Every structure is written in C-alpha cells, then in structure tokens.
Amino acid sequence: MTTPDDATPRPTPPPAWPAPGDGDAAPDPDSAWPPPGAPRPERVVAPWDWPSPEGGVSEGGDGDGPGNPAQDVPGWWIYRGAAEPHDGIDRLPAAPPWRSFTDGTPPDGLLERPAPGAADRRRAVRASRYQADREEIHLVNMALLLRRPLLVTGRPGLGKSTLAYSIARELQLGPVLRWSVTSRTTLQDGQYQYDAIGRLQDVGLHERAAAAHPSGEGGAHPELPDIGRYLRLGPLGTALLPWRVPRVLLIDEIDKSDVDFPSDLLHVFEEGEFTVPELARLHRPTAEVMTADDGGRVTLEHGRVSCHEFPLVILTSNEEREFPPAFLRRCIRLEIRRPDRRKLARLLAAHLPPADPAAAAVRDDLITTFLRKQDEEGADLANDQLLNAVQLARQIWDTPEGYELIAEHALRPLNEG
C-alpha cells in the first residue's frame, strides 16, 4: 500500500479533450450525420463536456461515452444528463398506439405537476451532480419514448436511485414518487391505503353523538365522516393519475419483494389503471381522496384511477434475484457498471470544490486505491465511500496514520464482515 511519503510516481492524468469547436476535424460528407445541409440537433451541455479536475474537458465514462465529447447530442433525446433543468419534456412524441392511455380527458381536466417541497429541493440539489453515461441516457430516453418501465440493476451504491431524481429534476416532472419495497410489500400498498379502523371508530363516535342528542333535542345530527379522509393513494396510484406530463415513479429494490410481486405489477403496467373497490361501492359518482404528494387531494370518479401519460417507472435491483421473462420483456433494462477512473474523477469534481495541485494529487491517490481494492482485491465499494474518503483526507491526510485510517475504514469493502 502506498503512503504519502512514498516516492512512487503517480499515474499521468489523461490528456484533456479539446474544447467544443477548437480544431474539430471536418466531417466526412459520406458518413456525417445529419447529412450536409440538414438541420443539426440542438447543442446542449452534456456530462462528458463538464470540466474535469485537471481543468480540461472530461472524457466519456466507462468507455461507453462518445468518441468525441464535443459531438452533438442526438436530437431524439428528451433527457440529456444536462447540468440545468429544461423544458425538453414538451418535445416528448405521442406514445406508441400499444402504449397510449389517452382517454379523451379534456386538457383542462388534466392535473399539473405539484410544486416540490423543501425535502424535494434538497434531493434535487444532490441529483444535479449525478454523472450519467451515454448508455444510461440512451436507455432512459428509450423508456420515455416507448412508455416502458426502466429496470436499473447494479451493485449497491452506484447511484441507481439517484438516476430517478436526476430525471425528475432535469425534466421538471415534479417530486419523485418513491415506493420502497420489502419482502412484505403488496401491490395494494402502492395503489392505495384505506384506514378502515379509523373510519369505523369515527362512525362509532358519530352514532354515540346521535344517541346523546335525539332528533329535535340537539339540532341536526353531525354528518358521517367522508371516506376520502381515510383513503390515500400510494406512490403507484398517484403516478397513475391523469397528469399533464408523466410523473417519475421510483420502485426501489424490487429484488427484495415477494416472488409474485413483479408479476402482480404487470396488469397495472399494461392497463395503466385500477379501481378502488371501497369507492366503487359508494352511491355517489365522485369522492375526494388524498394522494402521496404532501397535501395533495384529487377527485376520483367511481373509484377509478387512470393515467393520461404513463409514468416514467424506474425499478432498481441490487441483483439479488432473477425476474420472470414476462416481466423482463416489458422493461427496458439498464445495468449500471462500476465506474472507471474518469467517471470517478467526474464524480469528485461534481461534488467537491476545485482542488489545488496538492489536493488533486491526493484525490488521484485515493481513486487509485479505490480501483485497486475493487479490481485486485474483489472489494465491493460504493461511490459515496470515495467521497467520504476524499472529504476526510482534507483533514487527516498529512500523516501515514491518517492515510491508513482512510484506506482501511472509509474504504472498507461492503462484502467484508
């Protein structure tokens, strides 16, 4: 293990890419896209164009990025992995006929995305630093265009859940609707929760009040409590409301679910709707219920929840189980791989303040240690462990003891007992 006192030369940082437009080679007319004379896609800032720790322009991540980081972003992209929010969702094409759920609801009957709360804004700040690779952006946009769920797999700590918040922030789709799955989770947990016991208790109080004040002695009887006070739509139910733009639904750690849970989701994913039986039995056509959004309320007709635009469903899995083929064929599948040196450097540059030459050398040493533990020792490490290590190094790196503390504890493998 190297220490700050070793004289071992550090690896030379990769050369910076030229800035966009500085010396780009002329395109071959036979291979250039778009063809000469055709309008070029809008130029946007993408992750591989962001400044690297060395002060140049960073390279693509994981070897899957573009051959030239200054190349144009494809015109069909809605989500771009961009640094700033934009209105690209307004360019989302109509759904394929087999995934269209539009039921003729007039535009004035559609729901507008809710404003984010304080917690949502904090998550958005963290999501703004997410480093999406080109392959990830491609697959997110495929899921958007096809209105299909995106199944994101990978080892813990690689940012699978953060991807959902990055999409919602950039496309301004409102707060993410998060549904954390356990072995006891059922489909109804995501659709709605009905507090039948609470309503029964309140009905009992109503009856006792009525008995204490017979008609004509105490005025009008108190009204029976409305069922909407006891019924709240869950994350799935809220996502399937008729929103003007699709909401982001994060179904987190679906691999922890009961074996039948993925199959239970299929019907709702295919139909884009469900009915709340407790409301359908009422003798009135509408009922106002609560939603999963803070303070949200919505009026349902005949207990029916039906989407206008299929939500962008992000399902995350730590690869602890396999899924049935019928479920997999309805998903776009994205595997988030372990980051390489370039992506780790981008991650640190996005989360931490600019480094002076000495601090940059420390960061490089820690990236080397991080990758050595992964590649040579088979260690499972999360990206945030590297962030913690670099943060600690600002205070305790100046002694061999501090180095050992960071290497052995801050970068302790997750698969080590």
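Residues numbered from 1 in each chain as written. Predicted model: local features only at pLDDT ≥ 70, side-chain atom pairs only at ≥ 80, totals over all residues. Heavy atoms only, no water.

1. Quick notes on the overall build of the chain
And then number 1: A tally of regular secondary structure across the chain gives 13 helices and 11 strands.
And then number 2: Within the chain, buried positions represent 46% of all 417 residues.
And then number 3: In the chain, of all internal contacts separated by at least 6 residues, the share reaching a separation of at least 24 is 81%.
And then number 4: With an accessible surface of roughly 21100 Å², the chain has 52% of that area assigned to carbon and sulfur atoms. (Helix = DSSP H or I, 4+ residues; strand = E, 2+ residues; numbered from the N terminus. Buried < 20%, exposed > 50% of the residue type's maximum accessible area, 1.4 Å probe, protein only. Contact = heavy atoms within 4.5 Å. Areas by Shrake-Rupley, 256 points an atom, 1.4 Å probe, with all protein chains shown as cover.)

2. Topic: the confidence of the model for the chain
And then number 1: The predicted model of the chain averages 81 in pLDDT, with 76% of residues at 70 or higher.
And then number 2: Segment residues 1–70 is flagged for pLDDT under 50; beyond a separation of four residues in sequence, or across chains, it makes 120 contacts in the model. (pLDDT = per-residue confidence, 0-100.)

3. Quick notes on the sheet that holds strand E10 (residues 312–317)
And then number 1: Overall, parallel pairing links the five strands, which are arranged E2-E5-E10-E1-E11 in an open sheet. On the outer flanks of this sheet lie strand E2 (177–180) and strand E11 (332–335), each paired with one strand and no other. Strand after strand, the sheet turns through a mean of 20 degrees between neighbouring axes, direction not considered.
And then number 2: When strand E5 (residues 248–252) meets E10, the two strands line up parallel, connected through four bridges. From the neighbouring strand, Leu 249 faces E10, where its bridge partner is Val 313.
And then number 3: The sheet strands contacting helix H7 (residues 261–271) are E2, E5 and E10, and the helix crosses E10 at an angle near 170 degrees. (Pairing = 2+ DSSP bridges. Axes fitted to C-alpha atoms, helices over the stretch in contact; angles between N-to-C directions.)

4. Things to note about a nonpolar patch on the surface
And then number 1: Among the surface-exposed residues, Trp 76, Trp 98, Met 142 and Leu 146 lie close enough to one another that they form a single nonpolar patch of about 410 Å² accessible area.
And then number 2: Looking at the element boundaries, Trp 76 is found in the segment before helix H1 (118–127).
And then number 3: The exposure class of Trp 76 is partly exposed, given its relative accessible area of 36%. (Patch = residues over 30% accessible without salt bridge, like charges linked within 9 Å, V, L, I, M, F, W, Y side chains within 5 Å. Salt bridge = Lys/Arg side-chain N within 4 Å of Asp/Glu carboxyl O.)

5. Considerations on the packing of helix H10 (residues 341–351) against helix H11 (residues 357–377)
And then number 1: Between H10 and H11, whose axes approach to 11 Å, the crossing angle comes to 130 degrees. Taken together, the axis directions place H10 and H11 in an arrangement best described as oblique. Judged by the twist between their axes, the crossing of H10 over H11 is right-handed. When H10 is examined against H11, the residues Arg 341, Leu 344, Ala 345, Leu 348 and Ala 349 are found in contact with a partner set consisting of Arg 363, Asp 364, Ile 367, Thr 368, Phe 370 and Leu 371. (Parallel < 35°, antiparallel > 145°, perpendicular 65-115°, else oblique. Left-handed = near helix turned anticlockwise from the far one by under 90°.)

6. Structural notes on the nonpolar core
Most often, soluble globular proteins have nonpolar side chains that are buried together.
And then number 1: Counting 39 residues, the largest nonpolar core has Leu 233, Ile 251, Leu 265, Leu 315 and Phe 327 as the members making the most contacts within it.
And then number 2: Considering each element in turn, this core owes the most residues, five residues, to H7.
And then number 3: Not counting the four nearest positions on each side in its chain, Phe 327 is found in contact with Leu 151, Ile 254, Pro 262, Leu 266, Phe 269 and Leu 315.
And then number 4: Ranked by size, the runner-up nonpolar core spans 33 residues in total, among them Ile 167, Ala 168, Val 176 and Leu 250. (Core = buried A, V, L, I, M, F, W, Y, C linked by side-chain atoms within 4.5 Å.)

7. Topic: the packing of aromatic side chains
And then number 1: Counted according to the given criterion, the structure contains five aromatic pairs.
And then number 2: Centroid distance Phe 101 to Phe 310: 5.6 Å. Interplanar angle 25 degrees. Geometry classified as stacked. Of the two residues, Phe 101 is situated in the segment before H1 and Phe 310 in the loop between strand E9 (304–306) and E10; the sequence distance between them amounts to 209 residues. The pair Phe 101 / Phe 310 is uniform in exposure class, with both members buried.
And then number 3: Taking the centre distance of 6.1 Å and the plane angle of 85 degrees together, the rings of Phe 269 and Phe 310 count as edge-to-face. Here Phe 269, found in helix H7, pairs with Phe 310, found in the loop between E9 and E10; they are 41 residues apart in sequence, far enough to count as distant. As far as the burial class goes, Phe 269 and Phe 310 line up, both buried. (Phe/Tyr/Trp six-rings, centres within 6.5 Å; stacked < 30°, edge-to-face > 60°.)

8. Concerning the environment of Thr 291
And then number 1: Locating Thr 291 in the fold gives a position in the loop between strand E7 (286–290) and strand E8 (297–301).
And then number 2: Accessibility expressed as a relative area gives 4% for Thr 291, which makes it buried.
And then number 3: With 59 residues separating them in the primary sequence, Thr 291 and Arg 232 have C-alpha atoms 5.3 Å apart.
And then number 4: Ignoring anything within four residues of it in the chain, the contact list for Thr 291 reads Arg 232, Leu 233, Thr 238, Leu 241, Gly 296, Arg 297 and Val 298.
And then number 5: Of the polar contacts made by the side chain of Thr 291, one reaches the backbone nitrogen of Asp 293; its length is 3.3 Å. (Polar contact = N/O pair within 3.5 Å; in protein donor to acceptor, adjacent residues only side chain to side chain.)

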